[in-house]
Amino acid sequence: MRFTPKRVFLAAVVALAAAAPWLLPNYYLHILTTAGLFILLTSGLNLIHGYIGRLSLGHTAFYGLGGYTAALLSTKLGLGLLLTIPLAALTAAAAGLILGHITLRFRGAQFVLVTLAFAAILHLFANNLVDLTGGPMGLSGVASPLLHKDLETFQVFGSRASFYWLVLALDVATVYVVWRIVHSALGDAMIAIREDEHLAEAIGINEYRYSMLAFVFGAATAGVAGAVYAHYVSFVSPEIFSFSIMIMILVMSILGSVGTVVGPVIGSILVVVLLEALRLQDSLREPIFGIILVAVTLLFPQGLAVLAGRRLFPRQAAPADAGAAPPSAPEAAVGDAAQGGAARPGVPAREPGPAVPPAAGGAARGDVLLDVEHLTVRFGGLLAVDDVSFEVRRGQVVSLIGPNGAGKTTTLNLVTAFIARNAGRIVFDGRECPRQTSPHQVAELGMIRTFQTTRGLLSVPIAKAVATGLHRTLGLGWGRIARAALLGLPDEGQARRALEILRQVGLERDPGELTANLSYGEQRLLEVAIALAARPTLLVLDEPVAGMNMEETVRMMRLIRRLRESGITILLVEHDMKLVMGLSDHIVVLDHGRRIAQGTPAEIQSDPAVIEAYLGRGAANAAA
Amino acid sequence: MNEILQQLLNGIIIGSSYALLAVGLTLIFGIMRIVNFAHGEFYMIGGVLCFYLVQTLHLNYFAALVLAVVLAMALGAVLERSILRWLKDASIDSTIIVTIGLSVFIQNVTLLGMGPVPRSIPTPFGNTPIVVGGLTFTAIQIFVLAVTALVIVGFHVLLQHTFLGKAMRATFSEKDAARLVGIDTDRIAGITFVLGSGMAALAGALLGSIYLVYPSMGAIAVLKAFIIVIMGGMGNIMGAIAGGLLLGVAEGFVSGFVSSDYSEAIGFFIVIAVLLFKPQGLFGRKGQV
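Residues numbered from 1 in each chain as written. Chains lettered and ligands numbered in written order. Predicted model: local features only at pLDDT ≥ 70, side-chain atom pairs only at ≥ 80, totals over all residues. Heavy atoms only, no water.

Colleague: I keep staring at the overall build of chain B and nothing clicks. Help me out?
Modeller: The number of helices and strands found in chain B is 11 helices and 2 strands. In chain B, the succession of α and β elements from N to C terminus is α-α-α-α-β-β-α-α-α-α-α-α-α. Its C-alpha atoms give chain B principal-axis dimensions of roughly 55 × 45 × 35 Å. Every one of the 289 residues in chain B was classed for burial, and the buried ones make up 54%. Taking as baseline every contact in chain B between residues at least 6 positions apart, the subset at least 24 positions apart corresponds to 79%. With an accessible surface of roughly 11800 Å², chain B has 68% of that area assigned to carbon and sulfur atoms. If the 14 positive side-chain charges of chain B are averaged to one point and the 12 negative ones to another, these points end up 9 Å apart. (Helix = DSSP H or I, 4+ residues; strand = E, 2+ residues; numbered from the N terminus. Buried < 20%, exposed > 50% of the residue type's maximum accessible area, 1.4 Å probe, protein only. Contact = heavy atoms within 4.5 Å. Areas by Shrake-Rupley, 256 points an atom, 1.4 Å probe, with all protein chains shown as cover. Lys, Arg positive; Asp, Glu negative; His and termini not counted. Charge placed at Lys NZ, Arg CZ, Asp CG, Glu CD.)

Following this line, the structure appears as structure tokens:
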């Protein structure tokens, strides 16, 4: 651990915060404790809203669940904080798991509504299940001993200061874990999901897993906040689920800056302190919150933390992830030494040097890498792909061509599992791909694709976007994920590898430049770079030069040729015949969803069926 | 048996107003790409204005009903011009946050003005129950059912048989193409918002005449409207009508046979079930008008 100015500053802030009970009267301590509880809520919400891009309005559901769990355990069983807090976290996490499973496949209105509905249902139950919850009167008499009310020696939590320290410790722990997550490959994966979930899946990021991780983490921290709150005020009522608390959390989170680690902290403290300072009537509070939501979203959606960051550190002005600089070199070196250079089980060994691997060991050029048999899919009554079979051999460039609407992109979507097929068999790299599989599982096998039309990781700097592509190569099992979230993973030269790949594809821009600022042609190159970072055995390119000018096309063509020379097998869909004929070893021609020809470029050029499909019957007769 | 028919009738009467509310929301989502969480506030404003126009200004009930809807539409026009037009190319989540902000603002300002106590709109219809074939209903219920049915049919005619309706449908299904053929999509968006707000206000004034009006009535109404819209399939107008009736009937049955405490919750359970098993909605294909 090095003493950078930033770290010294942070340590000073935490030390000062810890000393507050000696410096401030109890009244202020209470305000800070309240702010601290909101930091727990907003930090978790921020991971959900700011990183996986889901606006959850049901966060109070987990807060309330935590509160009621702790209150029930305390009043009915006499348990103390040390037991109720973890149990409340578990309850909330379990609820998060269930709710996440239902909702995380949605975004926008559906996601918002179901999360909102979940909180509303719990509110209703808390009001009506009087025997259990005390109904509208709530549960009072929640005690605050440490372990159990009968163990006199363990009754510590009596003073305001003790609660303040507890909340402070939980805040520091939560913010630390959030910081670890968002500054690791996990955060990269979450941002990729937020920006473009198809691209994320295509490079092997398990959308469900990382979305769930963020959602359950948010639920658990909210549960903890609810439990601490219940013990702190020794009372909990259905109001804990109310929408007005949700609005307050949302205001804090949006005002502070969504998608930054420090934003929720700033927003929570600011709103709580301002509310106290202004001593607003409760009835005026909500209209003002309404105005803030509208004004911030319309006028400065980036929020205060980012605005202030730009003012204070004009050079670090990259949005969303101002602090996302790669770990400093000395620290990385220490990390590697500690690792002893030993190969970890489950992590593929990485050779230094060229970022693009040669064809996988043991397999020879010319073996069948991808075998597609009788592939069929029906959309309603339309047979979009009808009994198509073809092979891709190792080291080849195979092109799928055909007139518009021939089913080329649909075929790619079927092969890469973005659409489930109705019939047919796909064998990739010796392994059978089941009919119901997700794109990231196919990517995991080494088949990486790009898209014809894509949004891309627009708000991400280009070097970081390429580093996101490395995800698959990091061997992130649950063990490594936990390590990344709690301790951080040693740097494995991702930043350096990303720069190498950028150089390799010939994208000569400032690595800190945002993807959104690239030209169209550059964005397509970047997309190939991201795919390359995922170390494809088979690279699937969907119209890589569509819409490109002459110069860009030539550049892409050279790149594809170089990639093939380096041993990557390529499956290509393309309209540009010069490129297809110049690069392909083998061509498959589709028309109306059927394969009408296949062969070498020369064979295809003289095939009457192909000429007819492209130019009509007359042309075919003339050629014959 | 009679009890079942009775609940069915009650459900259809409430459900027809729900349908009105949900159709407006569907239009606004389909044409403006705004997930309008402020929709419920127009429902509330319709009811509250109608109450004040009758109670304080002693207007004739029917005139008050019309005027309340017109005023709500005027407010809709102002909001659309001043704030929502900024959201033209915004992300869906931004539209949600802005309209939630508007909703919180409108609801709480109304609360400051009228207080939390529910009021009842005086109507010229008596409370004497009418009994036909064992079914009991009141004159106001029949009036509400008739007006909502009329408005929904009228709206259908507008959409299918007028030039404006054609332009709206075109904008709904393919905005850029609509602009290319010369449709002023901004104007269509404005008209849509005003019409949608008017439908919500009418629903609020009508249901408010059967039940009560109060500042937070819009908050639960907008949730129901969204439940219906998702149930019927986002952007499906016939789905919204069918979903509205279905939700009304389901609520009627739950409050009739289970407990009125949980009648509000049935919609939430329905929507979760729909999203789990038929996420594109219960009725028809996606994006139908």
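Colleague: Looking at this structure, how should I read the interface of chain B and chain A?
Modeller: In many reports, interface size means the accessible area that the parts give up when they come together. Contact with chain B, which involves 34 residues of that partner, is made by 35 residues of chain A. Interface area lost by chain B to chain A is led by Ile-97, Tyr-262 and Leu-275 of chain B, which between them contribute 19%. The interface formed by chain B and chain A includes 0 residue pairs in polar contact (both at pLDDT 80 or more). Secondary-structure elements contributing two or more residues to the side of chain B that touches chain A are α4 (92-114), α9 (217-232) and α11 (266-277) of chain B. In terms of residue count, the dominant contributor to the side of chain B that touches chain A is α4 of chain B (14 residues). The residue inventory of the side of chain B that touches chain A, partitioned by class, reads 29 nonpolar, 3 polar and 2 charged. (Buried area = accessible area lost by both parts, 1.4 Å probe. Polar contact = N/O pair within 3.5 Å; in protein donor to acceptor, adjacent residues only side chain to side chain. Nonpolar A, V, L, I, M, F, W, Y, C, P; charged D, E, K, R; others polar.)

Colleague: Whenever I open this one, helix α10 (residues 237-257) of chain B confuses me. Can you help?
Modeller: The α-helix advances 3.6 residues per turn, and as a result positions three or four apart in sequence lie on the same side. The end-to-end C-alpha separation of α10 of chain B is 30 Å, in line with the 30 Å expected for 21 residues at 1.5 Å each. The N-cap of α10 of chain B, judged by a side-chain oxygen 3.2 Å from the amide nitrogen of Met-238 of chain B a few residues on, is Asn-236 of chain B. (Expected span 1.5 Å × (residues − 1).)

Colleague: Help me out: how do you make sense of the nonpolar core in this one?
Modeller: One recurring pattern in soluble globular proteins is that nonpolar side chains are buried together. Judged by nonpolar contacts, the single largest core of 242 residues is most densely connected at Leu-47, Phe-62, Tyr-210, Val-466, Leu-526 and Ile-570 of chain A together with Phe-37 of chain B. Other than its neighbours up to four places away in sequence, Leu-526 of chain A contacts Ile-462, Ala-465, Val-466, Leu-502, Leu-507, Thr-515 and Leu-518 of chain A. (Core = buried A, V, L, I, M, F, W, Y, C linked by side-chain atoms within 4.5 Å.)

Colleague: Sorry, what's going on with the pattern of salt bridges here?
Modeller: Side-chain pairs of opposite charge can arise where the charged atoms are in close proximity. All names here are of chain A. Overall, the coordinates contain 20 salt bridges over all chains when judged by the stated rule. Note that Glu-195 and Arg-194 form a salt bridge whose closest N and O atoms lie 3.1 Å from each other. Since its relative accessible area comes to 12%, Glu-195 is described here as buried. The residue Asp-542 makes a salt bridge to Arg-449 at a minimum N-O spacing of 3.6 Å. (Salt bridge = Lys/Arg side-chain N within 4 Å of Asp/Glu carboxyl O.)

Colleague: Before we go on, may I ask you to explain unusual backbone geometry in this structure?
Modeller: As a rule of thumb, non-glycine residues mostly have phi less than zero, and peptide bonds are mostly trans rather than cis. All names here are of chain A. Within the chain, Ser-234 stands out as a residue other than glycine whose phi angle is a positive 45°. By the secondary structure assignment, Ser-234 is in the loop between α10 (207-233) and β2 (235-236). Unlike most non-glycine residues, Glu-543 shows phi in positive territory, near 45°. Residue position: Glu-543 is located in the loop between β9 (538-542) and α22 (550-565).

Colleague: Any chance you could explain the pairing of strand β12 (residues 594-599) of chain A here in plain terms?
Modeller: Consecutive side chains of a regular strand alternate in pointing toward one face of the sheet and then the other. Residues and elements named next belong to chain A. Here 5 bridges tie strand β11 (residues 586-591) to β12, and the two strands are oriented antiparallel to one another. Among the inter-strand pairings, Val-589 is bridged to a residue of β12, identified as Ala-597. Counted along the chain from β11 to the antiparallel partner β12, the turn is 2 residues long, and its residue His-592 has a positive phi close to 50°. (Pairing = 2+ DSSP bridges.)

Colleague: Please clarify how the sheet that holds strand β8 (residues 447-449) of chain A should be interpreted in this entry.
Modeller: The strands making up a sheet associate through hydrogen bonds between their backbones, and the pairing can be parallel or antiparallel. All names here are of chain A. Taken in spatial order, the 6 strands of this open sheet run β8-β9-β10-β5-β11-β12, and their pairing is mixed. Strand pairing shows two members of the sheet lacking a second neighbour, β8 and β12, which therefore form its edges. Going across the sheet, the axis of each strand differs from the next one's by a mean of 20°, ignoring polarity. Contacts from α22 reach β5 (397-401), β9 and β10 (569-573), with the element oriented near 150° to β10. Helix α25 (residues 608-615) rests against β5, β11 and β12 of the sheet, and its axis sits at about 130° to β12. (Axes fitted to C-alpha atoms, helices over the stretch in contact; angles between N-to-C directions.)

Colleague: Can you walk me through the environment of Val-109 of chain B in this structure?
Modeller: Positionally, Val-109 of chain B belongs in helix α4. Separated by 106 residues in the primary sequence, Val-109 of chain B and Pro-215 of chain B place their C-alpha atoms 8.8 Å from one another.

Colleague: Mind showing me how you'd approach the packing of helix α7 (residues 160-182) of chain A against α10 of chain A here?
Modeller: Think of two packed helices as two axes; the pair is described by the angle between the axes and how far apart they sit. Residues and elements named next belong to chain A. Relative to each other, α7 and α10 sit at 175°, their axes nearing to 11 Å. Judged by the angle between their axes, α7 and α10 are roughly antiparallel. Along the contact surface, α7 presents Arg-160, Phe-163, Leu-166, Val-167, Leu-170, Thr-174, Val-177 and Val-178, while α10 presents Phe-217, Thr-221, Val-224, Val-228, His-231 and Tyr-232. A breakdown of the residues in the contact of α7 with α10 according to their chemical character gives 10 nonpolar, 3 polar and 1 charged. (Parallel < 35°, antiparallel > 145°, perpendicular 65-115°, else oblique.)

Colleague: Explain the pairing of strand β3 (residues 368-379) of chain A to me, please; I cannot follow it from the model alone.
Modeller: All names here are of chain A. Here 8 bridges tie β3 to strand β4 (residues 382-393), and the two strands are oriented antiparallel to one another. Across the sheet, residue Val-377 finds its bridge partner in β4, namely Val-385. What sits between the antiparallel neighbours β3 and β4 is a turn of 2 residues, in which Gly-380 has the positive phi angle 60°. When β3 meets strand β6 (residues 423-428), the two strands line up antiparallel, connected through 5 bridges. Looking at β6, one finds that Asp-371 is bridged to Val-427.

Colleague: Even after reading the chapter, I still don't get the packing of aromatic side chains, so can you show me in this structure?
Modeller: Where two aromatic rings form a pair, the distance of their centres and the angle of their planes describe that pair. What the rule picks out here adds up to 20 aromatic pairs over all chains. For the pair Tyr-63 of chain A and Tyr-229 of chain A, a centre-to-centre distance of 5.8 Å together with 45° between the ring planes defines the contact as tilted. With Tyr-63 of chain A in helix α3 (residues 59-77) and Tyr-229 of chain A in helix α10, this pair connects stretches of sequence that are 166 residues apart. Under the relative-accessibility criterion, Tyr-63 of chain A is labelled buried at 5%. Owing to a relative accessible area of 27%, Tyr-229 of chain A belongs among the partly exposed residues under this scheme. Look at Phe-62 of chain B and Phe-143 of chain B: their rings are 5.5 Å apart centre to centre, the planes differ by 75°, and that puts the pair in the edge-to-face class. (Phe/Tyr/Trp six-rings, centres within 6.5 Å; stacked < 30°, edge-to-face > 60°.)

Colleague: Even after reading the chapter, I still don't get the side chain of Arg-564 of chain A, so can you show me in this structure?
Modeller: All names here are of chain A. Mapped onto the fold, Arg-564 is located in helix α22. There is a polar contact of 3.0 Å between the side chain of Arg-564 and the side chain of Asp-585. Filtering out sequence-adjacent residues up to four positions away, Arg-564 remains in contact with Arg-365, Gly-395, Gln-396, Val-397, Ile-570, Leu-583 and Asp-585.

Colleague: Please explain the confidence of the model for chain A as it appears in this structure.
Modeller: Residue and element names in this part refer to chain A. Looking at chain A, the pLDDT average stands at 86 and 89% of residues meet or exceed 70. For chain A, helix α15 (residues 329-339) is the element with the lowest average pLDDT, namely 36, and α10 is the one with the highest, namely 96. Overall, residues 316-362 carries pLDDT values under 50, and its contacts beyond four positions in sequence, including any with other chains, amount to 52 contacts. (pLDDT = per-residue confidence, 0-100.)

Colleague: Just to check I follow, could you spell out the confidence of the model for chain B for this structure?
Modeller: In low-pLDDT segments, the atomic positions of the prediction should not be examined closely. Residues and elements named next belong to chain B. Summarising the model, chain B shows a mean pLDDT of 89, and 98% of its residues fall at 70 or more. Across chain B, the element-wise mean pLDDT spans from 83 in strand β2 (residues 135-137) up to 96 in helix α2 (residues 39-55). Across the assembled chains, the prediction reports ipTM 0.91 with pTM 0.89.

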